[in-house]
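Working through the structure, step by step
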Amino acid sequence: MFTKYDNTHILFTVGSYTVRVLNLVREDSCRTIPNHTHGDNSYEIHYICDGCGQAQIDRRSYDLTPGTLYVVGAFIEHSQTPCPDDRMHEYCIHIHFQRKKSAEKQNNSKETEYLLSLFEQTFFWFGSDKQNLFPCICELFRCVERKTPGYQFEAEAFLRQILIRVIRNYL
């Protein structure tokens with residue numbers, strides 16, 4: 001199974017940053033994802049909920065198991081290979097995350113700006129999810145799939161929660 005949502009029209013501001021969802025992917029996979037990178041201000045949040053495999057990130061190998069969370073930013077080479085006998089189930093959130101020009105900045109707490117800049121400056125993170133991201137990710141995908149009235153606002157709320165939980169995992 002492979003599900004991809006492009007053109008979600010999810011765009012919002014958080015602190016002095018603009019966040020735009022480029023696409024959402026849910027995949028039950030036995031296929032290898034070849035080595036690739038993404039452009040400037042682009043980030044992918046990967047969550048493995050079932051199965052196992054290997055990721056190659058900046059020429060290093062990492063084991064993928066249930067509960068693995070990893071984030072790759074701009075120009076970070078990465079690929080992924082599932083174990084042939086244990087189909088991997090993954091969610092991937094591909095976003096564009098960019099600081100606004102100084103004239104557009106809003107008044108925000110120092111903590112908010114610190115946390116957002118931490119996300120922006122972390123081009124690679126790999127670990128086990130300690131912030132219970134899976135329910136938020138599932139709800140994000142459900143609301144985008146259903147596209148009921150107001151789904152973009154609901155998706156934005158889930159994405160905000162996902163971002164803060166990803167950053168808490170960094171810490």
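So, here is what we can say about the structure in this document. Bear in mind that the values here come from a model prediction, so they are computed numbers and not experimental data. (Residues numbered from 1 in each chain as written. Predicted model: local features only at pLDDT ≥ 70, side-chain atom pairs only at ≥ 80, totals over all residues. Heavy atoms only, no water.)

This part takes up the nonpolar core. Core analysis: the largest hydrophobic core is formed by 39 residues, its most contacted members being I93, I95, F119 and I162. Elements represented by at least two residues in this core include exactly β2 (11-14), β3 (17-29), β5 (42-50), β8 (68-72), β10 (88-99), α1 (110-121), α2 (134-146) and α3 (151-170). Element by element, the count of residues in this core is highest for α3, at eight residues. Residues I48, I57, Y62 and I76 belong to the second largest nonpolar core, which totals nine residues. (Core = buried A, V, L, I, M, F, W, Y, C linked by side-chain atoms within 4.5 Å. Buried < 20%, exposed > 50% of the residue type's maximum accessible area, 1.4 Å probe, protein only. Helix = DSSP H or I, 4+ residues; strand = E, 2+ residues; numbered from the N terminus.)

So, on to the pattern of salt bridges. Applying the stated criterion across every chain, the model contains five salt bridges. One salt bridge connects E120 with R99, and the closest N-O pair in it is separated by 3.7 Å. Taken as a pair, E120 in helix α1 and R99 in strand β10 lie far apart in primary sequence, 21 residues in all. Classification of E120 as buried rests on a relative accessible area of 17%. Between E156 and R160 there is a salt bridge, with its nearest N and O atoms 3.0 Å apart. A residue pair is termed a helical-turn pair when its members lie 3 or 4 positions apart in one helix, as E156 and R160 do in helix α3 at four residues. Overall, the relative accessible area of 17% leaves E156 in the buried class. Since its relative accessible area comes to 32%, R160 is described here as partly exposed. (Salt bridge = Lys/Arg side-chain N within 4 Å of Asp/Glu carboxyl O.)

Looking now at the sheet that holds strand β9 (residues 78-82). Reading across the sheet, the four strands line up as β4-β9-β6-β7 and stay open at both edges, with antiparallel pairing between neighbours. On the outer flanks of this sheet lie β4 (33-36) and β7 (60-64), each paired with one strand and no other. Across the sheet, the axes of successive neighbouring strands diverge by a mean angle of 20°, strand direction being ignored. Bridging between strand β6 (residues 53-57) and β9 involves five bridges; their strand directions are antiparallel. What sits directly across from A55, in β9, is Q80. (Pairing = 2+ DSSP bridges. Axes fitted to C-alpha atoms, helices over the stretch in contact; angles between N-to-C directions.)

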